[in-house]
Amino acid sequence: MIAEGMGKKLRFVAFTSICQLVFIILFASLGEYSPEADPTKHHRLISTLNLNAYPMFQDVHVMMFIGFGFLMTFLKKYGFGAVGLNFLISAFTIQWATIFHGLFLLEGHDTVELDILTLLNSDFTAAAVLISFGAVLGKFSPLQLLFMALVEVVLKFANEYILLEHFHISDVGGSIIVHIFGAYFGLAVARTAFNPNTTKAAEEKASSMYHSDLFAMIGSIFLWLFWPSFNSAIAVTPDGQLRAIINTYYSLAACTVLTFIVSSLVHKQGKFNMVHIQNAALAGGVAIGTTADLMLNGWGALLIGSLAGIVSTMGFEYLQPLLERIKLHDTCGVHNLHGVPGILAGIIGIIAAGVAKESDYGNSLYIIYPSRAPVEGILKSNLTNEDYLIEPGSGRSASSQALYQLAAIFVTLGIAILGGVVTGLILRLPFWDEPDENDKFDDNGDWILEDDIPDVVIKGKIVALLDSR
Amino acid sequence: MIAEGMGKKLRFVAFTSICQLVFIILFASLGEYSPEADPTKHHRLISTLNLNAYPMFQDVHVMMFIGFGFLMTFLKKYGFGAVGLNFLISAFTIQWATIFHGLFLLEGHDTVELDILTLLNSDFTAAAVLISFGAVLGKFSPLQLLFMALVEVVLKFANEYILLEHFHISDVGGSIIVHIFGAYFGLAVARTAFNPNTTKAAEEKASSMYHSDLFAMIGSIFLWLFWPSFNSAIAVTPDGQLRAIINTYYSLAACTVLTFIVSSLVHKQGKFNMVHIQNAALAGGVAIGTTADLMLNGWGALLIGSLAGIVSTMGFEYLQPLLERIKLHDTCGVHNLHGVPGILAGIIGIIAAGVAKESDYGNSLYIIYPSRAPVEGILKSNLTNEDYLIEPGSGRSASSQALYQLAAIFVTLGIAILGGVVTGLILRLPFWDEPDENDKFDDNGDWILEDDIPDVVIKGKIVALLDSR
Amino acid sequence: MIAEGMGKKLRFVAFTSICQLVFIILFASLGEYSPEADPTKHHRLISTLNLNAYPMFQDVHVMMFIGFGFLMTFLKKYGFGAVGLNFLISAFTIQWATIFHGLFLLEGHDTVELDILTLLNSDFTAAAVLISFGAVLGKFSPLQLLFMALVEVVLKFANEYILLEHFHISDVGGSIIVHIFGAYFGLAVARTAFNPNTTKAAEEKASSMYHSDLFAMIGSIFLWLFWPSFNSAIAVTPDGQLRAIINTYYSLAACTVLTFIVSSLVHKQGKFNMVHIQNAALAGGVAIGTTADLMLNGWGALLIGSLAGIVSTMGFEYLQPLLERIKLHDTCGVHNLHGVPGILAGIIGIIAAGVAKESDYGNSLYIIYPSRAPVEGILKSNLTNEDYLIEPGSGRSASSQALYQLAAIFVTLGIAILGGVVTGLILRLPFWDEPDENDKFDDNGDWILEDDIPDVVIKGKIVALLDSR
């Protein structure tokens, strides 16, 4: 037991130390402050643009570490693993993501620029990894989780590169790039690395208790509250950023109401299910993500949110058990919260692209969909208040843009699932220290616990005791 | 039992679905993006004004969903109801409030403009409803709560319309419009719909346990921290906004210190009472709400906060039991946190209006109190740095403004109490699925609980068991 | 017992009431709104500068009340004391700090200016006091804590005055001014006021349980998330502010990874220790505090964070028990989280000052280190975008600046330790109502508890009961 622990410890320490060392070396070779953060380059007049994004970045930062971290504490005996390993994975991922964000997305630069947008994009990448984490929560060792993160970041940026630099799609809230990718990568890993002992461990421990559900609500509600920041932070026009905030706000409100409605409807006595409330109420943020900055109008946002609430709650109720039958154990139900609503977002994105026209968007159409700009660009002689500076595009039509949006979904699904299967196969190799049945969904495997007899066990014994009297 | 659950379920599902459908239809008929969010209308130069309000809006948003939601989790067996139904009510209310905000307050528009200020005002309206929710917490079914919200929003805006458009009062933090209204509406409902079985259920269950009090502190402290944003978000001048932040910060600090002092004073051994700390420490934010943007100076803010701490803690200690004797069961003590401090705020507002003069405020006096502006307006030939663009008013005197501030309190009390009584009478009708005695203050009525034997019950049994040995 | 409680109550009520009264009188005599908040003085064009700092202020505000408050709830029976007394101390300190901030640091003013920067500095001062609180958590009465705060604020500003106004050191994140000072003042108090009964009480109660550790993670992660705001809020140039954000973000990320690595390494089975994760993961914010706004580059930030994670985790594991042997009981381990990483920050500050040159910083060098500016100042004929307006300095050399940075550490240690020893001696006097052994680390002494038989006690009894069968 101790000898076994020793090997596990050394593998974790060695792997993580080497990664951290590599991060430092790569930062030293490639990283540099953006001009705004460099006193020898920065210009006083532009110097606060980047700082203006800071409050939104902080909202997103809270979503990653408090939001995802506490949402996953719903498991009664895996709270430390949820919030603690979420902390480790995120801190690890944001460093690695910074490097790949620089390499993949800043063509023409041979450096990795450090500014607020870099931090934002690093956190967005952590979101994809944390979604995948949700699918395997409680089933993997820290070592497996970090290896998964390492691979996933590279593939996520490869996919993002294709979608943004080649397909020129619009996906302001990352429902395709982050949610579909993270969900199906994680699900593919979970299915491929499926271990039969999971089912038994899950039956006993993969459920919540009263206070763990309240901790989970902290995470859930912070995710819900700051989702407008997530969906709008990288919008390319100020009016689009405002729309992304407004649309996401209303989509989430409607989604929450529908989640309560459907949750009551599917229970025979009409009771609400905390799993639905904690999760499906967030689906409105995912489902509107691809089109949050578009001219959906309030009613469009409410409709999308309502649809998301229905689809996601139904998914938790009816789809989740079916997936388990095909040996797809999805601990947090990411398929229902990120997968299906992500695809819904992608479909709405196709429709929105197909109907977008200059009379609705003005010139900003060519900023949202840069390929739709005329080949020569729009070289208006005088830039009025309503105009943006437009770069020449390729004169793409609305229906052609819609097809690219469609292709983006399939490419993302392809890369995510294929990448996830390969990663899952690798993670089945024997040296990754997968927890054994007893340690699945149980903090006892990875954490020193003050209290060797947690509440739930005591309770079981007491109930038995009382019954026996 | 199941048949009964079925009827309850269908009524909730039908009512809520119809409301949500109506919201979508009304948004489709009336809603449109504000010019800043509309790419065909917006002007680049003004395009960030609205976005500047976003961080403050997010603070207020956290107050509604985390603040109110967790503050109410203090009940040991009603944590899901507190944070969960708070979530439902808020998500429901912000949609409904958006429509009424547009209809009542944007005269001359035939549309409901969607922008950050709309979101802010929708959240402020949710505050009024959540205050009323505090008075009936644990005693109403979700259906009753949503019906109450539906009525309350309409009356709240009717009252606000009178106060702002006709009386032209100043109430920057909404202590009259939100706190007095929400508190007395809720209390009137609670009294009118009083059910004798509440008393017995409350005795057994309407109390806290150790961890539920810690959850409540999350809500309480987030409310406390972001209250400066609540009181300043819609201030009409930038210097007034700064004062609202500063005054609220110091008022809350002093209020907290006084709450600890009085809490110790009223206990025979000098121990602190968590109920006081969680609630009365917030009264400084309410009591300064009407005048937060005025020239109170630091000492004025400290004095108001100190007074609020004394009055509110005393209220919880001595007034609360008296109210129960007249069959007014106020679960969260909103009378002491929002009612009395709200009236205190209103009185301070009368005094402040009576002494406000141009030598203290410059021209901004006529923005804070628009009716006090001269009939012809101030048409200064050159607008200097210190001047604002002043609209013509009605040349109202300081003492006349003070009388209007006084009238505002009585009108608000009248509409709130009358509206609350009628709403309470309606809610006594038999088809609203009021929880029976066993399900009052108990999540078991509305929620699927993993754990059928919650801690507290076990504890009771064990103590009995141990005693019997 | 009741008579004893009465004396304790009266002393607390009298002391605190008098202090609050003095605060009001001092605010009335000295306080006034800053020009930006005064409608008779403010200029429209500058009126939003102060408001721009507001979101960062709110982040820092959350750190003080949620961050510190919940971080300290890890104690299983002292959660109310942790978050409740943190609330009291902070609300008390920010008022007192406002006055001293005005008196010490605004030379030439005979008033205490109230604006957002005042609020920020008041909160920073609360940080120092809360760090000291961590060293004595569970061992002092509320009266002792407030007296300690009263003295500490004065000494903190005296030290800050010497460091900033005379030594002209750079310490943007306050690692010297706040962290070293707060830690060593608190440790000196804890050692001097050491009571032998602490050891026994600590053995029984100064540990965590499962849910108290989850509450502590709420505090820990909010501290971690908003630390970039803490380290950058008062940076003097916009590019420096950006660097402070970026450097702190990466330092914390690397520190977290190293904390997990070392935590696993020092446990024989490689398990993680929640104490390390909650605390040492934050050391990266402290260690980079003095130099956060400097040209560290990403790799420098990662290196500093990694070092901090190693040093701090090692400190918790190996240094903490040694300190207890010399009767230095440090409840929260502030020596390892704030003391040692603070000194590390100071040393990095010496090195950074020694190598800082104009080719790296441009003219901003003379803003960061004002004494290094030439005696005549830089009166560039035309202020270009890259230039700042430089005040004349004293032409100090880089190595001379480094010596001042070194001196700052020793002066701070001297004032903190000497001040702490004297304060600790005073606090040993018999009239401060130090809790007796039973009430140490136990909310029962200061709080009304709903539940007279807390979980842990029950558990002990049940285990015994089950064992006996």
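Residues numbered from 1 in each chain as written. Chains lettered and ligands numbered in written order. Predicted model: local features only at pLDDT ≥ 70, side-chain atom pairs only at ≥ 80, totals over all residues. Heavy atoms only, no water.

Engineer: Give a description of the overall build of chain A that names residues and reports values.
Structural biologist: Along chain A, the regular secondary structure elements total 18 helices and 2 strands. Within the span of chain A, comprising 469 residues, buried residues form 68% of the whole. Restricting to contacts in chain A with at least 6 residues of sequence separation, those with at least 24 account for 80%. (Helix = DSSP H or I, 4+ residues; strand = E, 2+ residues; numbered from the N terminus. Buried < 20%, exposed > 50% of the residue type's maximum accessible area, 1.4 Å probe, protein only. Contact = heavy atoms within 4.5 Å.)

Engineer: With reference to specific residues and values, describe the relation of the copies chain C and chain B.
Structural biologist: The operation relating chain C to chain B is a screw motion whose rotation component is 120°, with 0.0 Å of axial translation and a residual RMSD of 0.0 Å. Both copies are brought into coincidence by an operation consistent with a three-fold rotation axis. Residue Pro55(C), judged by its C-alpha, is the member of chain C lying nearest the rotation axis, at 3.7 Å. When the interface residues of chain C are mapped onto chain B, a mere 10% of them are again interface residues, pointing to distinct binding faces. (Least-squares fit on C-alpha atoms with pLDDT ≥ 70 in both.)

Engineer: Report on the interface of chain A and chain B, specifying residues and quantitative values.
Structural biologist: On the side of chain B, 81 residues touch chain A, which itself brings 74 residues to the contact. When the two sides are added together, the surface that chain A and chain B hide from each other amounts to roughly 6,900 Å², 74% of it contributed by carbon and sulfur. When the buried surface of chain A facing chain B is broken down by residue, Tyr210(A), Tyr249(A) and Phe272(A) rank first, second and third, together holding 11% of it. In this assembly, chain A and chain B are joined by 0 salt bridges. Counting across the chain A and chain B interface gives 19 residue pairs in polar contact (both at pLDDT 80 or more). Of all the secondary structure elements, the ones that give two or more residues to the side of chain A that touches chain B are helix H3 (54-71), helix H9 (210-232), helix H10 (238-265), helix H11 (274-279), helix H13 (297-325), helix H15 (358-361) and helix H18 (455-468) of chain A. If you tally residues by element for the side of chain A that touches chain B, the top one is H10(A), at 19 residues. Taken together, the residues that form the side of chain A that touches chain B break down as 42 nonpolar, 20 polar and 12 charged. (Buried area = accessible area lost by both parts, 1.4 Å probe. Salt bridge = Lys/Arg side-chain N within 4 Å of Asp/Glu carboxyl O. Polar contact = N/O pair within 3.5 Å; in protein donor to acceptor, adjacent residues only side chain to side chain. Nonpolar A, V, L, I, M, F, W, Y, C, P; charged D, E, K, R; others polar.)

Engineer: So what about the relation of the copies chain A and chain B? Which residues, and what values?
Structural biologist: Structural alignment of chain A on chain B gives an RMSD of 0.0 Å, achieved by rotating through 120° and translating 0.0 Å along the axis. Comparing interface residues between copies, only 11% of those in chain A also sit at the interface in chain B, which points to a heterologous contact through distinct surfaces.

Engineer: Would you mind going over the interface of chain C and chain B in detail, with residue names and values included?
Structural biologist: Taken together, the contacts link 81 residues of chain C with 74 residues of chain B. Here chain C packs against chain B, burying approximately 6,900 Å² in sum over the two surfaces, 74% of which is carbon and sulfur. If you look at where chain C meets chain B, you find 0 salt bridges. For the side of chain C that touches chain B, the secondary structure elements donating two or more residues are helix H1 (2-30), helix H2 (49-52), helix H3 (54-71), helix H4 (79-105), helix H5 (116-136), helix H9 (210-232) and helix H18 (455-468) of chain C. Top contributing element to the side of chain C that touches chain B by residue count: H1(C), with 13 residues. Considering only residue class, the side of chain C that touches chain B consists of 45 nonpolar, 22 polar and 14 charged.

Engineer: Give a description of the nonpolar core that names residues and reports values.
Structural biologist: Phe222(A), Phe222(B) and Phe222(C) are the most contacted members of the largest nonpolar core, which totals 492 residues. Once residues within four sequence positions are removed from consideration, Phe222(B) is found in contact with Phe222(A), Val62(B), Met63(B), Ile66(B), Val62(C), Ile66(C) and Phe222(C). (Core = buried A, V, L, I, M, F, W, Y, C linked by side-chain atoms within 4.5 Å.)

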